[in-house]
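Commentary on secondary and tertiary structure
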Amino acid sequence: MMKEAVKVVNLSKSYPSKSAKEKGNGIHRLSFTIRQGECVGLVGESGCGKSTLVRQLLALETPDEGEVYWLSQRLANLSRSRLRLLRQHVQAVFQDAAAALNDRLPIWRSVIEPLDNYPDVKSTIFERQDLERRERAQFLLALVGLSGEHLDRYPHELSGGQRQRVCIARAVSLCPQVLICDEPTSGLDPTIQRQILELLLRLQRELKMSMLFISHDMAVIAQLCQRVMVMKKGLIVDQFGVDQMNEEARHEYTKLLIAAAQ
Ligand SMILES: Nc1ncnc2c1ncn2[C@@H]1O[C@H](COP(=O)(O)OP(=O)(O)OP(=O)(O)O)[C@@H](O)[C@H]1O
Ligand SMILES: [Mg+2]
């Protein structure tokens, strides 16, 4: 039996709303699993709760109720040090690469931040363990199609696509078991978007990572993922394998999203 990389049980989180109109924000009793090596897509319109789910999945917030498990370990009640150790296996890439990088750090320093944070971890991404920090940075940049000339640049001296490559290199530097991507290509033009998607897909396969890929574009999800979850107003309304995407049994909302992507 394949192991579960991420499991979510009855997960809820809502925020105090300022107006009655905003009532119903957040996420409500979500349950799903992501198996090891599996790439799962999450699709839904803006404001439906995708990033709210991500913040609970990454243990950046405490859910109102329900449980999150990483690699079969329940996050609630874990000690800080235990959570910190587990965190090396669960990394993320966000939409806003510029915000995710420190303006004042040269690229090579940003890219090895996780390695610096976990000096005792021997990341299996490197074929050799005797590399200097700067050599590790160069190896990671090469992995995402950037070269030595980018090492000493600052984030504002890169294009948006290049910045996102840096964030991806950083996210995979510890060879994580789970990669959570929250609309990583939404701010990019279509050609660059395609290149970044191909890069993510290649890394996911090479490193055998489990991936949760979030997008509001069903076409992108279909290209990348084996399984799809459709979210609407904080609920998962449909879940299916990509090969069942065009079946009549699909939820009306799924059909709408498919039509919108064509
Ligand atoms: N910290 C917060 N305080 C109050 N309300 C919040 C907070 N974070 C999110 N919300 C509300 O929760 C709902 C879901 O927001 P969320 O960011 O999860 O949506 P999303 O699906 O990621 O949207 P997008 O596709 O635009 O990124 C929205 O109505 C939002 O206004
Ligand atoms: Mg979001």
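Conventions we followed
- Residues numbered from 1 in each chain as written.
- Chains lettered and ligands numbered in written order.
- Predicted model: local features only at pLDDT ≥ 70, side-chain atom pairs only at ≥ 80, totals over all residues.
- Heavy atoms only, no water.
- Pairing = 2+ DSSP bridges.
- Helix = DSSP H or I, 4+ residues; strand = E, 2+ residues; numbered from the N terminus.
- Axes fitted to C-alpha atoms, helices over the stretch in contact; angles between N-to-C directions.
- Contact = heavy atoms within 4.5 Å.
- Near = heavy atom within 4 Å.
- Polar contact = N/O pair within 3.5 Å; in protein donor to acceptor, adjacent residues only side chain to side chain.
- Areas by Shrake-Rupley, 256 points an atom, 1.4 Å probe, with all protein chains shown as cover.
- Nonpolar A, V, L, I, M, F, W, Y, C, P; charged D, E, K, R; others polar.

1. Remarks on the sheet that holds strand E8 (residues 210–215)
- Taken in spatial order, the 6 strands make up an open sheet running E6-E7-E8-E3-E9-E10, and their pairing is mixed. Single-partner strands in this sheet number two, and they are strand E6 (90–94) and strand E10 (235–241). Direction aside, neighbouring strands of the sheet carry axes that sit 15 degrees apart on average.
- Note: strand E9 (residues 227–232) against E10, 6 bridges, orientation antiparallel. Looking across to E10, one finds that Met231 is bridged to Ile236.
- Contacts between helix H7 (residues 160–172) and the sheet are confined to E6 and strand E7 (178–182), with E6 contributing the most and set at about 175 degrees to the helix.

2. A word on the site of ligand 1
- The immediate surroundings of ligand 1 are formed by 14 residues, with Ser46, Gly47, Lys50, Ser51 and Thr52 found nearest.
- Take Gly47: an N or O atom from its main chain is 2.8 Å from an oxygen atom of ligand 1.
- Glu183 places a polar side-chain atom, nitrogen or oxygen, 2.9 Å from an oxygen atom of ligand 1.
- Protein burial of ligand 1: of its 640 Å² of free accessible surface, 67% is covered by the chains.
- Taken together, the residues that form the shell around ligand 1 break down as 2 nonpolar, 7 polar and 5 charged.

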